[in-house]
Amino acid sequence: MKTKENIILQSLIFNSVLFLLLVFFASGFVYPSFASIEARKTEASDILTKYDNLKKQGLNYDEFNSIKSSFDLSNNTYLRNVLSDVDKSFYEANFVSK
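Below, the structure is looked at part by part. Predicted, not measured: the structure shown is a model, and the values here were computed from it.

## A short note on helix 2 (residues 61-70)
Then comes step 1: For helix 2, the full list of buried residues reads Y61, F64 and K68. Take helix 2 and look down its axis: the buried residues cluster within an arc of 55°, on one side only. Along helix 2, exposed side chains directed more than 90 degrees from the buried face belong to D62, S69 and S70.

## Some details on the pattern of salt bridges
Then comes step 1: Applying the stated criterion across every chain, the model contains one salt bridge.
Then comes step 2: With its nearest N and O atoms 3.3 Å apart, the salt bridge here joins E38 to K41. Of this pair, E38 and K41 both sit in helix 1 (residues 2-57), three residues apart, which is roughly one turn of that helix.

## What about the nonpolar core?
Then comes step 1: Residues Y61, F64, L73, L83, V86 and Y91 constitute the largest nonpolar core, which totals six residues.
Then comes step 2: The contact partners of Y61, leaving out residues within four places of it in the chain, are V86, D87, K88 and Y91.

## Topic: the packing of aromatic side chains
Then comes step 1: Counting across every chain of the model gives three aromatic pairs.
Then comes step 2: Consider the rings of Y61 and F64, whose centres lie 6.4 Å apart with planes at 35°: the pair is tilted. Placement of the pair is Y61 and F64 together in helix 2, with a separation of three residues, close to one helical turn. Accessibility classification places Y61 together with F64 in one group, the buried group.
Then comes step 3: Through a chain of ring-to-ring contacts, the aromatic side chains of Y61, F64 and Y91 assemble into a single cluster.

Reading guide: rules and limits
- Here the residue index of a chain counts from 1 through its sequence in written order.
- With the structure being a predicted model, the display of local features is reserved for residues of pLDDT at least 70 and the display and counting of side-chain atom pairs for 80 or more, all residues being used for whole-chain, interface and lining totals.
- The basis for every side-chain value is the complete set of heavy atoms in the structure, and neither hydrogens nor water enter the calculation.
- Note on classification: 1.4 Å probe, protein chains only; a residue is buried when its accessible area is under 20% of the maximum for its type, exposed when over 50%, partly exposed between these limits.
- The way it works is that DSSP assigns letters per residue, a run of H or I at least four long becomes a helix, a run of E at least two long becomes a strand, and they are numbered from the N terminus.
- Here, the arc refers to the directions that run from the helix axis to the C-beta atoms.
- Salt bridges are defined as contacts in which a side-chain nitrogen from Lys or Arg sits within 4 Å of a carboxyl oxygen from Asp or Glu.
- Grouping buried Ala, Val, Leu, Ile, Met, Phe, Trp, Tyr and Cys residues that are joined through side-chain atoms within 4.5 Å yields what is termed a nonpolar core.
- Residues count as neighbours in contact if any of their non-hydrogen atoms are within 4.5 Å of one another.
- Centre distance within 6.5 Å is the pairing criterion for rings of Phe, Tyr and Trp, where only the six-membered ring of Trp is used; planes under 30 degrees apart are then read as stacked, over 60 as edge-to-face, and the remainder as tilted.

Following this line, the structure appears as structure tokens:
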């Protein structure tokens with residue numbers, strides 16, 4: 001009778017330790033992965049929203065200027081001259097989606 005009690009007690013302790021290891025594993029590895037996935041989903045959703053707005057409306061003039069200034073146009077004088085002649089009224093009349 002004593003051996004059955006010892007076997008039950010040993011299996012209870014073993015299962016408790018196994019359960020605690022599983023809880024530590026889940027809290028240390030699985031939950032942060034879910035948080036990372038949720039962060040990536042919200043980031044992807046924001047990017048998709050910005051992309052849809054960009055497709056519908058296009059760039060505004062200030063964004064166009066900031067992108068234009070980020071490119072090195074020193075080798076292409078024609079393109080540099082054409083882009084420098086684009087003012088706000090021309091841009092809004094010809095390039096903004098309405």
